[in-house]
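# Architecture at a glance
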Amino acid sequence: MDIPAILGGSPVRDTKIFYGHQCIDDEDIKAVEEVLRSDFLTCGPKVNELEKTLEKICDSKYAVAVSNGTAALHCACIAAGISEGDEVITTPLTFAASANCVRYVGGTPVFADINPETYNIDPESIRSKITDRTKAVIAVDFTGQCVESEKIRAICDEYNLVFIEDAAHAIGSAYNSRPVGSLADMTTFSFHPVKTVTCGEGGAITTDNEDYYKKLVLAHTHGITHDEEMMEEAPHEGPWYYEEISLGYNYRLTDFQSALLISQLKKLDSFKKRRQEIVRRYDEAFGGIPEIIVQKEIPESDTCRHLYIIRLDLSKLKCSRREFYDAMSAENVQCQVHYVPVYLFPYYRHLGYKEGLCPNAEEIYKGILSIPLYPSMTDKDVSDVIEAVKKLTDHYRI
Ligand SMILES: *Cc1c(COP(=O)(O)O)cnc(C)c1O
């Protein structure tokens, strides 16, 4: 049996590989350069072109490009009219922003538990957390797998809740052949470098609802409008005149970022294909290892997988998750953990959230590791990751 590198053996590879990495090519660079040489660095034509591109990809009526995924969530909460005292149900197994956005508008995040096999928010748990203060649901397509949209939609309709989908992981995924971005009342995206397509920092919201759209536009640019129909003062003083009609923020995306993202989106299909190929190889390799539990997929989801998560069955291993993580690192495979259940962070604990709130999420958190997954991984990279996992499960098997 091979000796793990952490115990003095030789690592499966000589160079470090990380759990995620952006894929930028010469076309992307050229697209940015063109904008840098043009008249508009921001508020120019590329932003509009990006929004049109997203509307097409997401099969949605409207898209609003914003400065990052967190701003997208904040704007969605504003448009949904969430305010002081309102409750919003979300998942604990997510990046903090999915809950923080509720706090930005004075609302209270309420955490529903996850399905222990898919790791996505459990619709029945959503139902059990509804009170007469519940205003919305923020469901996260964890790792890119679609949430159970049909069931969540039905619950939201029954209780008159706004259905917001945090699709930071899920651009390119589809539910029953309908693209993510066309399913919820509002869908938010992130284009951070670890996500499937990137423009450095960036985000967007898609919706079919004109009223939400107007509010999203105002929220992301100071609450200011140039649209005469929306102004209170008519006739106004002159062409320079604009009005601030609500409180908004500067959450605009720049033109050079928009150009980069348009260029990235051209490769979404090929990125998806490669991600799916790698996922298939991992599923095959790990399906046969009894100490590893792989994430279950629902048949409705055609997933453009953002993260590949292995869950260690610690009852069958004589190591902790930390030891396995360190041993992977010594093999030069750098893993990550997605995520610490949000309410266990000090900020939320100080607000009164307590351990034990979502037992499935807490239990699953203990054994998960995200292993490398990105389109530019070579077949050899994928083999190395598989070999490292096999080597360590062989070594630590009880
Ligand atoms: C990345 C991420 C966000 C936040 O996006 P930023 O662009 O980093 O602000 C929100 N929700 C989830 C699930 C994410 O993974």
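Residues numbered from 1 in each chain as written. Predicted model: local features only at pLDDT ≥ 70, side-chain atom pairs only at ≥ 80, totals over all residues. Heavy atoms only, no water.

## So, the site of the ligand
Around the ligand, 16 residues are found, and the nearest of them are Gly69, Thr70, Asp166, Ser190 and Lys195. Thr70 is positioned such that a nitrogen or oxygen atom in its side chain is 2.5 Å from an oxygen atom of the ligand. His169 has a polar side-chain atom sitting 2.8 Å from an oxygen atom of the ligand. Out of a free accessible area of 380 Å², the ligand has 92% covered by protein chains. (Near = heavy atom within 4 Å. Polar contact = N/O pair within 3.5 Å; in protein donor to acceptor, adjacent residues only side chain to side chain. Areas by Shrake-Rupley, 256 points an atom, 1.4 Å probe, with all protein chains shown as cover.)

## A word on helix α1 (residues 26–36)
Among all positions in α1, only Asp28, Ala31, Val32 and Val35 are buried. Down the axis, α1 shows its buried residues gathered within 95° of arc, on one side only. For α1, the exposed residues lying more than 90 degrees away from the buried face are Asp26, Glu27, Lys30 and Glu34. In this structure, the buried side of α1 is in contact with α2 (45–58) and α8 (255–265). Its side-chain oxygen placed 3.1 Å from the backbone nitrogen of Glu27, Asp25 serves as the N-cap of α1. (Buried < 20%, exposed > 50% of the residue type's maximum accessible area, 1.4 Å probe, protein only. Helix = DSSP H or I, 4+ residues; strand = E, 2+ residues; numbered from the N terminus. Arc of directions from axis to C-beta. Contact = heavy atoms within 4.5 Å.)

## Comments concerning the sheet that holds strand β7 (residues 178–179)
Each strand in a sheet pairs with its neighbour through backbone hydrogen bonds, running either in the same direction (parallel) or in the opposite one (antiparallel). The strand order across the open sheet built from three strands is β7-β6-β13, with neighbouring strands paired in antiparallel fashion. Each of the sheet's edge strands pairs with one partner strand only, and the pair in question is β7 and β13 (301–302). The pairing of strand β6 (residues 174–175) with β13 spans two bridges and is antiparallel. Residue pairing for β13: Ala174 is matched across the bridge by Asp302. (Pairing = 2+ DSSP bridges.)

## Some points on a nonpolar patch on the surface
A cluster of nonpolar side chains, Ile3, Ile6 and Leu7, forms an exposed patch at the surface whose accessible area comes to about 290 Å². Its location among the elements puts Ile6 in the segment before α1. (Patch = residues over 30% accessible without salt bridge, like charges linked within 9 Å, V, L, I, M, F, W, Y side chains within 5 Å. Salt bridge = Lys/Arg side-chain N within 4 Å of Asp/Glu carboxyl O.)

## Description of the pattern of salt bridges
All told, the structure shown has 28 salt bridges when counted by the stated rule. One salt bridge in this structure joins Arg13 and Asp381, with 2.9 Å as the shortest N-O distance. Of this pair, Arg13 sits in the segment before α1 while Asp381 sits in helix α13 (residues 379–396); the two residues are 368 residues apart in sequence, bridging distant segments of the chain. For the pair Arg13 and Asp381, a shared accessibility class is recorded, and that class is buried. Because the salt bridges share partners, they merge into one network encompassing Arg13, Lys380, Asp381 and Asp384.

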